[in-house]
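The residues making up each chain are set out below.
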Amino acid sequence: MDVRKMTIEGAVEFTPAVFPDDRGDFLSSYQESDFRTAMGTSLFPVAQASFSRSRRGVMRGVHYTATPPGCEKYVTCPRGSALDVVIDLRVGSPTFGTWDSVVLDQETHRAVYLPQGVGHLFLALEDDTVMSYLLSREYVPGNERAISPFDPRLALPVPGPSDVMISQRDREAPLLAEALRAGLLPGTDARAASRGAAGPTKPG
């Protein structure tokens, strides 16, 4: 399994070996030995497994979890393809306010590990795109948070509001600076505890 440490501190991209034959393909989207080598520990105990299915042009995010309790995620795209974007929302992090991206799809079967305190967005690049999530804590509505994906401060690599299908909640989400002033962003404790206890936003 190939490993790439993303520019967001603590976020990691994993690309598994794929073994095709005349019956189809076989792969392992998670291998503990590779994860442990990259992260120094095993994957979090999985509290919830979820997936979303989206039409082409659907965008979900930027979503994150109030920290504490925080949430870790392991995200894959078993069907279709999506532009997956990770945004550092941890106040005090050396990469605060920056982002990194990767295309997740059914050809490469890449996966992304997201530490707690970071934001997550994806844009479906084709119909019937399925995103799969392993979460470190069960969904709690009151812990959900969102940042506007159209914030010029973030300059995310996504189309404008009129060119995507997006929820009203995401369309009306605050800018990064507004969330910062309101005290809604994870602090440095999220970064320090990114391998500790966790808790989720609703995926996608």
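Residues numbered from 1 in each chain as written. Predicted model: local features only at pLDDT ≥ 70, side-chain atom pairs only at ≥ 80, totals over all residues. Heavy atoms only, no water.

Asks: Explain the overall build of the chain to me, and be specific about the residues and the numbers.
Replies: A count of helices and strands for the chain gives 4 helices and 13 strands. Rg of the C-alpha trace for the chain: 16 Å, near the compact-globule value of 17 Å for 204 residues, within the 12% margin. Taken over the C-alpha atoms alone, the chain extends approximately 55 × 40 × 30 Å along its principal axes. Put simply, of all contacts in the chain between residues at least 6 apart along the chain, 82% involve residues at least 24 apart. A total accessible area of about 9,300 Å² is found for the chain, and carbon and sulfur atoms account for 51% of it. Taking the average place of the 21 positive charges on the side chains of the chain and the average place of its 25 negative ones, the gap between the two points comes to 5 Å. (Helix = DSSP H or I, 4+ residues; strand = E, 2+ residues; numbered from the N terminus. Rg over C-alpha atoms; globule rule 2.2 N^0.38 Å. Contact = heavy atoms within 4.5 Å. Areas by Shrake-Rupley, 256 points an atom, 1.4 Å probe, with all protein chains shown as cover. Lys, Arg positive; Asp, Glu negative; His and termini not counted. Charge placed at Lys NZ, Arg CZ, Asp CG, Glu CD.)

Asks: Quick one: what's the story with the sheet that holds strand 9 (residues 99-105), residue by residue and with numbers?
Replies: Taking strand neighbours across the sheet as the criterion, the 5 strands line up as 9-8-11-6-13 in an open arrangement whose pairing is antiparallel. The open sheet has two edge strands, strand 9 and strand 13 (144-146), and neither has a second partner. Across this sheet, the average inter-strand angle for adjacent strands is 30 degrees, counted without regard to direction. In this structure, strand 6 (residues 59-65) lies alongside strand 13, joined through 3 bridges in antiparallel fashion. Across the sheet, Tyr 64 pairs through a bridge with Arg 145, a residue of strand 13. (Pairing = 2+ DSSP bridges. Axes fitted to C-alpha atoms, helices over the stretch in contact; angles between N-to-C directions.)

Asks: Can you break down the pairing of strand 6 residue by residue, with the values?
Replies: When you tally the buried positions in strand 6, you get 6 out of 7 residues, the bulk of the element. Examined bridge by bridge, strand 6 and strand 11 (residues 118-124) share 3 bridges and lie antiparallel to one another. Looking across to strand 11, one finds that Arg 60 is bridged to Phe 122. (Buried < 20%, exposed > 50% of the residue type's maximum accessible area, 1.4 Å probe, protein only.)

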